[in-house]
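Structural features, examined
Residues per chain, in single letters:
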Amino acid sequence: MAEGAAMTRVGFIGLGIMGGPMAVNLVRAGFEVTGHNRTPSKTDRLVRAGGRAAGSVAEAVTGADVVLTMLPDSPDVRGVVLGEGGVLAHAREGALLVDCSTIRPDVARELAEAAAERGLAMLDAPVSGGEQGAVEGTLSIMAGGTAEAFEAARPVLDAVGATVVHVGPAGAGQTVKAANQLILAGTLELVAEALVFLEAHGLDTGTAFRVLAGGMAGSTVLDRKGAAMRAREFTPGFRVALHHKDLGIALTAAREAGVVIPLGAAVAQLMAALDAQGHGGLDHSALVQLVARLSGRE
Ligand code: NAP
């Protein structure tokens, strides 16, 4: 059992691609986990692992020591935390809130302030590592908030992540995550372009990717997504719609800081095009499909 797991009750809201396996890993680490999801069938995996299903946010968070949220976007987290029947209305004073969703840094700060007014500490703790990282419990977690809240959250975060780092005050985790999404999108786009380029030259792309992966062009994106991109297999994973959302966050944050991100802006437009063409539900590696289409090579 993980240190600190005994007698720690966790309320978990949002059991999708990421939240589902994270909640299971918390059960495996010895936490008592009660999960809630909008589509109720997504609690099945947690229940099979030994957790409990709750029919509402209120039921999941009442009596919890730690509340985790893993929801799609800023309005979802704001609604679940601040809304009627939401987390702040039902969590006990002194409970710790940890939002692992990727949302706007200013919303993360607003929610941390609202939580503090009710006597609850809150961390923004977005994650990187994809579905595989969530299943394996090896996520990279970038946490923003007070040092005390971070130390209190450590046992929970260590149960779902391998690289868990306190990066600064409230909102800082989301700012680091925006940088993560910028690097990820840019890398994905260049891997997509390289793949279409190699295909157009009639080369064996499996062989080419093997040698590229061993040199300076190697990357986690190439390792984890390369084969599926070659096969044009786009089951998510990480949905285009969510990466489109994240690049919007990155562009706004760059503008606020007076920083120019020309390549980030270009890939944001390509992700937006995929989304606008109705491919928001595909894995973001579907960027390769767009590059092929732009090259007249579908
Ligand atoms: P997802 O599969 O869409 O999961 C989100 C879950 O939240 C869904 O199951 C959804 O329920 C549920 N939900 C939405 N609103 C709710 C509400 N009001 N009450 C209860 N449940 C609610 O998305 P995901 O891929 O797990 O991503 C979650 C977050 O992690 C996003 O912010 C994303 O950007 C971030 N992230 C994702 C990845 C990845 O590789 N997928 C990696 C790192 C970070 P329904 O089933 O009813 O839609």
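Here's a quick rundown of the structure. Chains are numbered independently. Their residues run from 1 in the order of the written sequence. Totals for whole chains, interfaces and linings use all residues, but because this is a predicted model, local features are given only for residues with pLDDT of at least 70 and pairs of side-chain atoms are given and counted only at 80 or more. Hydrogens are left out, water is left out, and the side-chain values use all remaining heavy atoms of the structure.

1. Digging into the site of the ligand
Throughout this document, a residue counts as near a molecule or strand when at least one of its heavy atoms sits within 4 Å of that molecule or strand. Around the ligand, 27 residues are found, and the nearest of them are Asn37, Thr39, Lys42, Arg239 and Lys245. Polar contact criterion, stated in full: a pair of N or O atoms within 3.5 Å, where within protein one must be able to donate a hydrogen and the other to accept it, and residues adjacent in sequence count only if both atoms are side-chain atoms. In this structure, an oxygen atom belonging to the ligand sits 2.9 Å away from a main-chain N or O atom of Ile17. The backbone of Thr102 places a nitrogen or oxygen atom 3.0 Å from an oxygen atom of the ligand. Taken by itself the ligand offers 900 Å² of open surface, and the protein chains cover 90% of this. Going along the chain from the N terminus, every DSSP run of H or I of four or more residues is numbered as a helix, and every run of E of two or more is numbered as a strand. Residue assignment for the shell around the ligand shows that the elements contributing at least two residues are α7 (130-136) and α12 (240-257). For the shell around the ligand, the leading source of residues is α12, giving 3 residues. All amino acids are sorted into three groups, where Ala, Val, Leu, Ile, Met, Phe, Trp, Tyr, Cys and Pro are nonpolar, Asp, Glu, Lys and Arg are charged, and the leftover types, Gly among them, are polar. When grouped by side-chain class, the residues that make up the shell around the ligand number 11 nonpolar, 9 polar and 7 charged. What fixes the domain bounds is an automatic or database domain assignment. Each of domain 1 (5-168) and domain 2 (175-294) accounts for three or more of the residues forming the shell around the ligand. Only the protein chains shown count as cover for residues, and all accessible areas are computed by the Shrake-Rupley method using a 1.4 Å probe.

2. Regarding the pairing of strand β1 (residues 9-13)
Where burial is concerned, most of β1 is hidden: 4 out of the 5 residues are buried. Two strands pair when backbone bridges link them, and β1 and strand β2 (residues 32-36) are joined in this way by 5 bridges, in the parallel orientation. From the neighbouring strand, Phe12 faces β2, where its bridge partner is Gly35. Since β1 and β2 lie parallel, the crossover through helix α1 (residues 19-28) that links them has a hand, and here it is right-handed. Two strands pair if DSSP finds at least two bridges between them. The sheet contact formed by β1 and strand β4 (residues 66-69) spans 4 bridges and is parallel. In the strand pairing of β4, Phe12 is matched with Leu68. Accessible area is worked out with a 1.4 Å probe on protein chains only. A residue is then buried under 20% of its type maximum, exposed over 50%, and partly exposed in between. Seen with its strands pointing away from the viewer, a crossover is right-handed if its path from the first strand over the helix to the second goes clockwise.

3. Quick look at the environment of Met22
Looking at the secondary structure, you find Met22 in helix α1. Given a relative accessible area of 0%, Met22 falls into the buried group. Separated by 48 residues in the primary sequence, Met22 and Met70 have C-alpha atoms spaced 9.2 Å apart. Note on definitions: a residue-residue contact is assigned when non-hydrogen atoms from the two residues lie within 4.5 Å. Each residue touching Met22, except ones within four places of it in the same chain, is listed here: Phe12, Met70, Cys100, Val127, Ala134, Leu139 and Val160.

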